[in-house]
Protein chains: 2
Amino acid sequence: MVIINGVKQHRIEVADRGYQYGDGLFETIEVEQGKAVFIQQHLARMKSGSHRLQIPFPDEELLNEEISSLVCDVPHAILKLILTRGVGGRGYRQPEIIHPTRVLSLHSFPEYPSTLKKQGIKARICQCRLGLNPFLAGIKHLNRLEQVLARSEWRDPDIHEGLMLDLNDNVIEGTMSNFFLVKNNQLYTPKLDYSGVEGIMRNVVLQLAKKFGLDTALKQLTQQDVFSADELFVTNSVIGLWPIKKVEQYSFGVGPVTRHIQSWVDDYKKLDRT
Amino acid sequence: MVIINGVKQHRIEVADRGYQYGDGLFETIEVEQGKAVFIQQHLARMKSGSHRLQIPFPDEELLNEEISSLVCDVPHAILKLILTRGVGGRGYRQPEIIHPTRVLSLHSFPEYPSTLKKQGIKARICQCRLGLNPFLAGIKHLNRLEQVLARSEWRDPDIHEGLMLDLNDNVIEGTMSNFFLVKNNQLYTPKLDYSGVEGIMRNVVLQLAKKFGLDTALKQLTQQDVFSADELFVTNSVIGLWPIKKVEQYSFGVGPVTRHIQSWVDDYKKLDRT
């Protein structure tokens, strides 16, 4: 099911700047029991991204209504939102008057085995690096070739995520997730000043860590920091939190800090639902 | 007029990975007297880009036929080619079997005043920087938010191009063009190892400079190199070659080396047409 600018259809104009230049934003949202989880956080991030890219944000009441009517009867799914600068002429210059395109689409929820959440995943280090650009860092925009190339590096179904380094050899995030490590009961996650996406679940984890008094720092992290950590995990809005049990040849236990955060996140999600 | 996978239509699937992730390539080609100018060079670049992005390249005979039949009666226009990884599921992982999407579209040729080519343009230095990523550098891919943001920085119709720096303060290219400077009768253009697009017209100029014995170097260029140059110009397949007469507060003459290269390019284009 796809709704484009309020109309049920599944095709867009080829002249849409989302297609021509990746000139837009997206959100990937879990739908559970007829409700889009953390929807206000997702919309706030998209709105913030739209300000940075100077794309007019749609009427929020209208958008909320469209989302509600799309997901209200859905037990479990993924809602993807796309917002682009709309149809424009050839050339990078944006049109004088922008009519943004908004796309709402429903997708089946990926059936990940519950062991991933409980026992952790295997991850790898990707060859493809994240470029450096503070003008785009943090934004969940549609220019995603780096992630596509990184994800194309492996086909082993036992490996569930690849960690990406930036050009300065800092570990930044997974191809589809944010990255955290625990060392001496401190929680660390990379700074996203030059690359990476500021994930909703990343912010939830940081917020809950603060609330529960867990020492937390945004930090430049090297591969060596990763390999010598006590605990590792990745987060996103679909998977929630996956502990990492192995990166390359290095093994890790699913430790107490990770377990605490997992339970805080689960409780917080229940709160969001009520 | 738009032809998508051989069919006259102007809409694509929203699930096309070109729309979802900018997962594709494009070419912008001048059409003159029923012929796509430098078409073999454009197709060779797209093919090389498709290898780097691992997108299967379409049957070349078919593609050439589609292009010929689209442009054969066209006096003067722009042909835009887009090649994407086609429709794929949600998520960065590419489908097992890739059915690429190819889009051919015709656009009116922009009516630039002839004074731009003769007397030169005014340019500016953009605030938005080009990110650094050797995995994508040189490729004319669909992830073009940096150019969109840079082009949105000015509306003054007297300024015809913005020069973009990378994060290391090197001048790399224009928002829609490659950049050259002349100093002491030597021709310089930036290296494109970490960012930038390897333009067809850039390669033509480098090739002709070599043929006619003009000393040429690929070099890291700073803003100071630009401001203290003898001559400056930008190139692309649509504008050909525009001398730069002013960048910010610095003025430049349209010098003899630029004039020579302009005439070499004009002659070379005539050869391509025969």
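Our structure is the block above this text.
Residues numbered from 1 in each chain as written. Chains lettered and ligands numbered in written order. Predicted model: local features only at pLDDT ≥ 70, side-chain atom pairs only at ≥ 80, totals over all residues. Heavy atoms only, no water.

S.K.: Could you clarify how one ought to interpret the sheet that holds strand S6 (residues 76-84) of chain A in this entry?
M.R.: Backbone hydrogen bonds are what pair the strands of a sheet, in a parallel or an antiparallel way. Residues and elements named next belong to chain A. The antiparallel open sheet is built from 6 strands, whose spatial order is S2-S1-S7-S6-S4-S5. The open sheet is flanked by strand S2 (7-8) and strand S5 (35-36), the only strands paired with a single partner. Contacting strand S4 (24-32), S5 and S6, helix H2 (residues 39-53) runs over the sheet at an angle of about 180° to S4. (Pairing = 2+ DSSP bridges. Helix = DSSP H or I, 4+ residues; strand = E, 2+ residues; numbered from the N terminus. Contact = heavy atoms within 4.5 Å. Axes fitted to C-alpha atoms, helices over the stretch in contact; angles between N-to-C directions.)

S.K.: I keep staring at the interface of chain A and chain B and nothing clicks. Help me out?
M.R.: It is common to give the size of an interface as the accessible area lost on bringing the parts into contact. The partner chain B presents 62 residues to the 62 residues of chain A that form the contact. Together, the buried faces of chain A and chain B total about 5300 Å²; carbon and sulfur atoms form 60% of this surface. Ranking the residues of chain A by area buried against chain B places Tyr-19, Arg-90 and Tyr-92 of chain A at the top, with a combined share of 17%. Applying the counting criterion to the chain A and chain B interface returns 3 salt bridges. For the pair chain A and chain B, the interface holds 27 residue pairs in polar contact (both at pLDDT 80 or more). Elements with a minimum of two residues in the side of chain A that touches chain B: strand S1 (2-4), strand S3 (11-13), helix H1 (17-21), S4, H2, S6, strand S7 (101-108) and helix H5 (145-151) of chain A. Per-element tally for the side of chain A that touches chain B: the top contributor is H5 of chain A, with 6 residues. In terms of residue class, the side of chain A that touches chain B is built from 26 nonpolar, 20 polar and 16 charged. Examined bridge by bridge, S3 of chain A and strand S3 (residues 11-13) of chain B share 3 bridges and lie antiparallel to one another. Among the inter-strand pairings, Glu-13 of chain A is bridged to a residue of S3 of chain B, identified as Arg-11 of chain B. (Buried area = accessible area lost by both parts, 1.4 Å probe. Salt bridge = Lys/Arg side-chain N within 4 Å of Asp/Glu carboxyl O. Polar contact = N/O pair within 3.5 Å; in protein donor to acceptor, adjacent residues only side chain to side chain. Nonpolar A, V, L, I, M, F, W, Y, C, P; charged D, E, K, R; others polar.)

S.K.: Where do I start with the packing of aromatic side chains in this structure?
M.R.: Aromatic ring pairs: the centre-centre distance and the angle between the two ring planes describe each pair. If you walk through the whole model with that rule in mind, you get 14 aromatic pairs over all chains. Measuring from centroid to centroid gives 4.1 Å for Phe-227 of chain A and Tyr-250 of chain A, while their planes differ by 15°, and the two rings are stacked. Of this pair, Phe-227 of chain A sits in helix H7 (residues 223-227) while Tyr-250 of chain A sits in strand S17 (residues 250-251), and the two are 23 residues apart along the sequence. Taking the relative accessible area as the measure of exposure, Phe-227 of chain A reaches 15% and is therefore buried. Judged by its relative accessible area of 31%, Tyr-250 of chain A is partly exposed. Between Tyr-21 of chain B and Tyr-92 of chain B, the ring centres sit 4.9 Å apart and the planes meet at 55°, which makes this aromatic pair tilted. You can see Tyr-21 of chain B sitting in helix H1 (residues 17-21) and its partner Tyr-92 of chain B sitting in the loop between strand S6 (76-84) and strand S7 (101-108), a full 71 residues away along the chain. A relative accessible area of 3% places Tyr-21 of chain B in the buried class. Residue Tyr-92 of chain B is classed as buried on the basis of its relative accessible area, which comes to 11%. Ring pairs connect the aromatic residues Tyr-21 and Tyr-92 of chain A together with Phe-26 of chain B, which therefore count as one cluster. Sitting above the plane of the Trp-154 of chain A ring, Arg-151 of chain A keeps its charged end 3.9 Å from the centroid. (Phe/Tyr/Trp six-rings, centres within 6.5 Å; stacked < 30°, edge-to-face > 60°. Buried < 20%, exposed > 50% of the residue type's maximum accessible area, 1.4 Å probe, protein only. Lys NZ or Arg CZ within 6 Å of the ring centre and 35° of its normal.)

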